[in-house]
There are 2 protein chains.
Amino acid sequence: MALRHAVLAALLDEELSGYQLTKAFDLGVANFWHAQPQQLYAELTRLERDGLVTGREVVQDTRPNKRLFRVTDAGLAELERFTSLAAKPSFIRDDLLVKVQAADHVDAGTLIAQLTERAAFAQAKVDLFGRLLRTMRGDRAEEDFLRHGECIGPYLTCLRGLAFERGNRDWCEHAAAVLRDRQGARVQD
Amino acid sequence: MALRHAVLAALLDEELSGYQLTKAFDLGVANFWHAQPQQLYAELTRLERDGLVTGREVVQDTRPNKRLFRVTDAGLAELERFTSLAAKPSFIRDDLLVKVQAADHVDAGTLIAQLTERAAFAQAKVDLFGRLLRTMRGDRAEEDFLRHGECIGPYLTCLRGLAFERGNRDWCEHAAAVLRDRQGARVQD
DNA sequence: CTCAACATGTAAAAGGTTACATGATTTT
DNA sequence: AAAATCATGTAACCTTTTACATGTTGAG
């Protein structure tokens, strides 16, 4: 049941509405968890019912009203409790890897196209995470920021997201190059 | 519905029993998907019902009998069809990252301990994947194997698994070091 | 005038985890 | 004698995804 803890962790540093949370989770800006809008609205309702977050109505003139949520003391205690539990290992679970596993039996052209597309997607995330990191650390050097900064949790998870997407990009490019090479080699036979 | 395709992909190069598949998926040796034994037995039953795999009973003296499964032509066609569909992007979803996101609000000692444990786990997988890769390529150089080898799909996915676990290990070690440094810095204040 | 963004949900279906169940053999 | 490995499942529960539903405002 880690979605609720992911939501709590996301709300620690800023008050957000369900819609704003959606943006963070949905677009993968949250580099530690992913969730659909529907899940987030439902989870916020449950969290408020259980007293782990409180919402306050914000009346807006030009936009529909919204509810901003923040973590309560009970919510923080719940996060502390969660942190003390053993974490489950995380596994890769990826459609594209399934397809590459079957590379010797399926059409190479399709695979190359999908690997290329994924590499571009990963590169876009690399750029995004790079910008986010720069914003978070401001004009400080990374080393200095990590040693003395006040809010390093989100920075550390963003670093993991960056490394993950770099790994994705590099592997996709490499795998696509290997498959292209083999296409060329086959023609030469 | 990619579990079924993951099973098909895993059965492409060798005939396996449900139990043997379990070993591959359960322990994370399968670096492209993860699943519980119960899921695999259920999926094999469905796949056989749908004619995508066939099982044959192997009578054993000293061990309980087992059923070995292999992919049928219809199964291969289904994999081909799956490969031609757009792949969904994969996201990180990790308890430990949720905890690190909350690093500024929860106990650092607990986090350091969990990061250290995870780094060791990742290192064990790095070693395992390294051994698997060596076994797959035999005495050939990697470049030569990838260009001319017959079975490179599993090799490519294993490379991704290796890079992923290296990334995990490096990040865990870095994050733990950052948190330790800050503990030291706090004492000096 | 149409499309994107703001804002929040409900309900059904699919997928995944956990607990329960059984029973033989080999290793420690 | 106990624990690990081989071998296969069922059932209940929890989580996630997909489809449906509604209404306003600002930009092109």
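Each chain has its residues counted from 1, following the order in which its sequence is written. The lettering of chains begins at A and the numbering of ligands begins at 1, in the order of writing. This being a predicted model, a pLDDT of at least 70 is required before a residue's local features are given, and a value of 80 or more before pairs of side-chain atoms are given or counted; all residues contribute to the totals for chains, interfaces and linings. Note that water and hydrogens are dropped before the side-chain values are worked out from all heavy atoms of the structure.

Topic: the protein's contact with DNA strand C
- Whether a residue is near a molecule or strand is decided by its heavy atoms; if any one of them lies within 4 Å of it, the residue is near. The environment of DNA strand C is made up of 22 residues, and the closest members are Tyr19, Gln38 and Gln60 of chain A together with Met1 and Thr62 of chain B.
- At the protein interface, 71% of the atoms of DNA strand C within 4 Å belong to sugar or phosphate.
- Whenever a nitrogen or oxygen atom comes within 3.5 Å of another N or O atom, the pair is scored as a polar contact, on the condition that within protein one atom can donate a hydrogen and the other can accept it, and that pairs from neighbouring residues in sequence are kept only if both atoms are in side chains. Side-chain polar atom of Tyr41 of chain A to a phosphate oxygen of DNA strand C: 3.4 Å apart, as the coordinates give it.
- Here a phosphate oxygen of DNA strand C sits 2.3 Å away from a polar atom, N or O, in the side chain of Gln60 of chain A.
- Only α2 (18–26), α3 (37–49) and β3 (66–71) of chain A together with α3 (37–49) of chain B provide two or more residues apiece to the surface near DNA strand C.
- Gly is placed with the polar residues, together with every amino acid not listed as nonpolar (Ala, Val, Leu, Ile, Met, Phe, Trp, Tyr, Cys and Pro) or charged (Asp, Glu, Lys and Arg). Within the surface near DNA strand C, the residues separate by chemical class into seven nonpolar, nine polar and six charged. Secondary structure elements are taken from DSSP: a helix is a run of H or I of four residues or more, a strand is a run of E of two residues or more, and numbering for both begins at the N terminus.

Some details on the domain arrangement of chain A
Residues and elements named next belong to chain A.
- Annotation of chain A at the domain level lists domain 1 (3–84) and domain 2 (95–188).
- Domain limits in this description derive from either an automatic procedure or a database domain assignment. Averaged C-alpha coordinates put domain 1 and domain 2 at centres separated by 28 Å.
- Listed by partner, the interface residues are six residues for domain 1 and nine residues for domain 2.
- The term buried area denotes the loss of accessible surface (1.4 Å probe radius) that occurs when two parts are joined, taken as the sum for both partners. When the buried area of domain 1 at its contact with domain 2 is split by residue, Asp13, Val29 and Asn31 rank highest and sum to 73% of it.
- Basic side-chain nitrogens of Lys or Arg form a salt bridge, by our definition, when they fall within 4 Å of a carboxyl oxygen of Asp or Glu. Put simply, domain 1 and domain 2 have zero salt bridges between them. In what follows, residue pairs with any heavy atoms lying within 4.5 Å of each other are defined as contacts.

Some words on the protein's contact with DNA strand D
- Residues in close proximity to DNA strand D total 23 residues, the closest being Met1 and Thr62 of chain A together with Tyr19, Gln38 and Gln60 of chain B.
- Sugar plus phosphate, as a fraction of atoms of DNA strand D within 4 Å of the protein: 69%.
- One of the side-chain nitrogen or oxygen atoms of Gln39 of chain A is found 2.9 Å away from a phosphate oxygen of DNA strand D.
- The side chain of Gln60 of chain B places a nitrogen or oxygen atom 2.2 Å from a phosphate oxygen of DNA strand D.

Structural notes on the packing of aromatic side chains
- Pairs were defined over the aromatic rings of Phe, Tyr and Trp, the Trp ring being its six-membered one, requiring ring centres within 6.5 Å. Orientation was assigned from the angle between planes: stacked under 30 degrees, edge-to-face over 60, tilted for the rest. For the structure shown, the criterion picks out five aromatic pairs over all chains.
- For the pair Phe145 of chain A and Tyr155 of chain A, a centre-to-centre distance of 4.8 Å together with 55° between the ring planes defines the contact as tilted. With Phe145 of chain A in helix α7 (residues 142–148) and Tyr155 of chain A in helix α8 (residues 153–188), the pair connects residues that are ten residues apart, well separated along the chain.
- Only protein chains enter the accessibility calculation, which uses a 1.4 Å probe; a residue is then buried when its area is under 20% of its type maximum, exposed when over 50%, and partly exposed in between. Given the relative accessible area of 3%, Phe145 of chain A is considered buried.
- Measuring from centroid to centroid gives 6.0 Å for Phe164 of chain A and Phe164 of chain B, while their planes differ by 80°, and the two rings are edge-to-face. Placement of Phe164 of chain A in helix α8 and of Phe164 of chain B in helix α8 (residues 153–188) is noted, with the two residues assigned to different chains.

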